[in-house]
Amino acid sequence: TVRLKWVGKRLGLEKISLGRGGLLKLFPGDPQAPFYGSQSFQLMLQFVATRPDKFLLKQTDKALILSALRVEDLHQALFVLDEMEQACAAERNEG
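Given the structure is predicted, the values throughout are model-derived calculations rather than measurements. (Residues numbered from 1 in each chain as written. Predicted model: local features only at pLDDT ≥ 70, side-chain atom pairs only at ≥ 80, totals over all residues. Heavy atoms only, no water.)

Along an α-helix, residues three or four positions apart point the same way, because every turn accommodates 3.6 residues. All of the buried residues along helix α2 (residues 39-49) are Phe 41, Leu 43, Met 44, Phe 47 and Val 48. Down the axis of α2, the buried set is contained in an arc of 165°. They therefore lie on one face. (Buried < 20%, exposed > 50% of the residue type's maximum accessible area, 1.4 Å probe, protein only. Helix = DSSP H or I, 4+ residues; strand = E, 2+ residues; numbered from the N terminus. Arc of directions from axis to C-beta.)

What follows is the structure in structure tokens.
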């Protein structure tokens, strides 16, 4: 689970939890956080938008929550986060 947190931190996520058939990722709670204006956040949104069958993005009063659907164990969670990190890095390098 430590590796899960490391990858999440590199992606700019505030908190990650695994449970109930999904991986929850919480973005910074402050809507004025610099992260929301970053290229990393834009690339992550693009990645998520191209996979509506795998991700659900939800805004609550307290946070923006990204759920990875059908993630049942730590191995799958790491795979999803690694895939997201690699896609964002590739786009950043191309752009």
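Strand order in this open sheet of four strands is β1-β2-β4-β3, and the pairing throughout is antiparallel. Since the sheet does not close on itself, it has two edges, and those belong to β1 (15-19) and β3 (55-59), each with one partner. Each strand of the sheet is rotated relative to its neighbour by a mean of 20°, with strand direction disregarded. Here five bridges tie strand β2 (residues 22-26) to strand β4 (residues 64-69), and the two strands are oriented antiparallel to one another. Each bridged residue has a counterpart across the sheet, and for Lys 25 the counterpart in β4 is Leu 66. (Pairing = 2+ DSSP bridges. Axes fitted to C-alpha atoms, helices over the stretch in contact; angles between N-to-C directions.)

Here we take up the pattern of salt bridges. For the structure shown, the criterion picks out two salt bridges. We note a salt bridge from Arg 3 to Asp 82, for which the minimum N-O separation is 2.9 Å. In this pair, Arg 3 sits in helix α1 (residues 2-11) while Asp 82 sits in helix α3 (residues 74-94), placing the two residues 79 residues apart along the sequence. You can call Arg 3 partly exposed: its relative accessible area is 43%. A relative accessible area of 18% means that Asp 82 is categorised as buried. When the shortest N-O distance is used, the salt bridge between Glu 85 and Arg 10 registers 2.6 Å. Here Glu 85, found in helix α3, pairs with Arg 10, found in helix α1; they are 75 residues apart in sequence, far enough to count as distant. (Salt bridge = Lys/Arg side-chain N within 4 Å of Asp/Glu carboxyl O.)

In terms of nonpolar packing, the biggest core is built from 26 residues, with Leu 23, Phe 27, Met 44, Phe 55, Leu 81 and Met 84 touching the most fellow members. With six residues, the single largest contributor to this core is α3. When near neighbours in sequence (up to four residues on either side) are disregarded, Phe 55 contacts Lys 25, Phe 47, Val 48, Leu 66, Ser 67, Ala 68, Leu 69, Val 80 and Met 84. (Core = buried A, V, L, I, M, F, W, Y, C linked by side-chain atoms within 4.5 Å. Contact = heavy atoms within 4.5 Å.)

What follows concerns α1. For α1, the complete set of buried residues consists of Leu 4, Val 7, Gly 8 and Leu 11. Taken end-on, α1 shows its buried residues confined to a sector of 100°, consistent with a single buried face. Among the exposed residues of α1, those oriented more than 90 degrees off its buried face are Lys 5, Trp 6, Lys 9 and Arg 10. One or two positions beyond α1, positive phi appears at Gly 12, with a value near 90°.

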